[in-house]
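# Fold and geometry: a report
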Amino acid sequence: MSLPFYLVNAFTLPTSPHSGNQAAVVVLPASHPKEADDEWKQLTARDFNFAETAFVTKREDGKWGLRWWTPAVEVTLCGHATLAAATALFTLHPAESSVTFTTRWAGDLVATRRTTPPSSGSETKPSLDVSISLPALDAEALKNVDGSQTSQLFQDVTQLVLAAAPKLGGPDAVKDVFGFQWGGEDSVIVQLESSVDIAALKVDLKTVLEISKGLVILTQVVPGESSSGRLVIRSRVFAPGVGIDEDPVTGAAHAFLTSYYTSPTIFAQLPSSVTEGSTPETVVLDAYQMSERQGRLECRLEKGGRVELVGRGVIWGKGDLSL
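Residues numbered from 1 in each chain as written. Predicted model: local features only at pLDDT ≥ 70, side-chain atom pairs only at ≥ 80, totals over all residues. Heavy atoms only, no water.

As annotated in an unreviewed UniProt entry, the protein chain is Diaminopimelate epimerase-like protein from Dioszegia hungarica. Under the heading Sequence similarities (unreviewed entry), UniProt records this for the protein chain: "Belongs to the PhzF family." (UniProt positions renumbered as here; feature names shortened; annotations may be inferred.)

## Things to note about the layout of surface pockets
By volume, the largest pocket is sized at about 250 Å³. Lining the largest pocket we find 14 residues, and of these A136, L137, Q181, W182 and F256 sit closest to its centre. With three residues, strand β9 (residues 174-182) is the largest single contributor of residues to the lining of the largest pocket. Here the residues of the lining of the largest pocket are counted per class, giving ten nonpolar, three polar and one charged. (1 Å grid on protein atoms, 1.4 Å probe; cavity = no way out; pocket = protein on both sides within 12 Å on 5 of 7 lines; lining within 4 Å. Points joined across faces, edges and corners; volume = space filled by probe spheres on them. Helix = DSSP H or I, 4+ residues; strand = E, 2+ residues; numbered from the N terminus. Nonpolar A, V, L, I, M, F, W, Y, C, P; charged D, E, K, R; others polar.)

## Remarks on the pattern of salt bridges
Between side chains of opposite charge, a pair can form when the charged atoms approach closely. On inspection of all chains with the given rule, the structure shows 17 salt bridges. For the salt bridge of D37 with K34, the shortest nitrogen-to-oxygen distance reads 3.8 Å. With relative accessibility at 27%, the residue D37 sits in the partly exposed group. A salt bridge links R296 to D286; its shortest N-O distance comes to 2.9 Å. Of the two residues, R296 sits in strand β15 (residues 295-302) while D286 sits in strand β14 (residues 284-289), which places them ten residues apart along the sequence. A single network of salt bridges, built from pairs that share partners, joins R114, R230, D286, R296, E298, R300 and E308. (Salt bridge = Lys/Arg side-chain N within 4 Å of Asp/Glu carboxyl O. Buried < 20%, exposed > 50% of the residue type's maximum accessible area, 1.4 Å probe, protein only.)

Written out as C-alpha cells, the structure is:
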C-alpha cells in the first residue's frame, strides 16, 4: 500500500509562493503497519530533512491523528506543519471546510479553510489560505511577564544574546526577556528595540544553545507600520537544541508571541497608535518572520486560552513513499 506525501510551503509571503516554512505531510491509512512505527517516522523525517514532517492518520470518529517530527526528535507542537497538513487534506478533500486534528500533547487542533472551496468536480488550487487554532501560553506562565530589566533572567540572557549577536551594539538593544516552557525545555522570548535590524543579525548557534535548549525567539515591534488595532512585529526563531538551527517560519512561536504581546504588562507598553480604542482581545498581530526564506502570519487571541493563526499554504510537490 503506497503512502502519499505532499511538500508544502507554509505561511508564505503574499508576494512569493517560494517563501514560508517547508514541511512534508505523509498521509497514513489507519490499517497501515507503519502507522505505529515511530522509528520509521523519525527516519522518514530525517530523510525529508525539513524543519518538520507531519504524519496524519484518518480516525474512525472523523478526526485525523497528527504528529510532528524534526530530523532529530518528535515535537509537542508545530504550527507550520499543522497548516501544511490542513493544506494537504483540503486538497485531498476539496469539499471539506474544516478538519480537526487529534494530537498527543496539544489536544485537538482545528484548521479551517479560508479560501472558497472549488465547485463540484473542479480541482483545488495549490495555494490555500488556512486558519489554525493553537494553544496560547497559560495564565500561570504569563504571570512572569513583568517588563522588568532588573531580573536575573534578563541580565543573564542579555549577556548571552549580546555574545551570540555582537552587532546588536550593547545591552540597550534588549528591551525585555520572558522565560517560558516549551516541550519540557526552558525557552525565551527576547524583545529587541525597534531600531535593531533583526533580519541582518548574524547569530552564533553555539551561544544560542547556552541561552536555551528549547526555543529562542528574537522579536521586535515595528511602530511605523503599526496602526489602530493592528500590531506589526518582526521575529526570528532558533531551536538548535531540537535539531533546528533557525526555523524559517514558526507557528507555535507566534502563538506564544501573541500571548506575550497581549499580556497586560507588554500591551500597556505598545505604541498608543495600536492600543487606542483596542483591547488585547481585539488587536491583530501582523507578523513577519525574518529568516532567509521569510514568511507572514496573522495572529489574534481566541476565547479559551487559544490563538488563531492565519496563513497561506502552497503545495509545490507530491508523490509516494517507497520505503
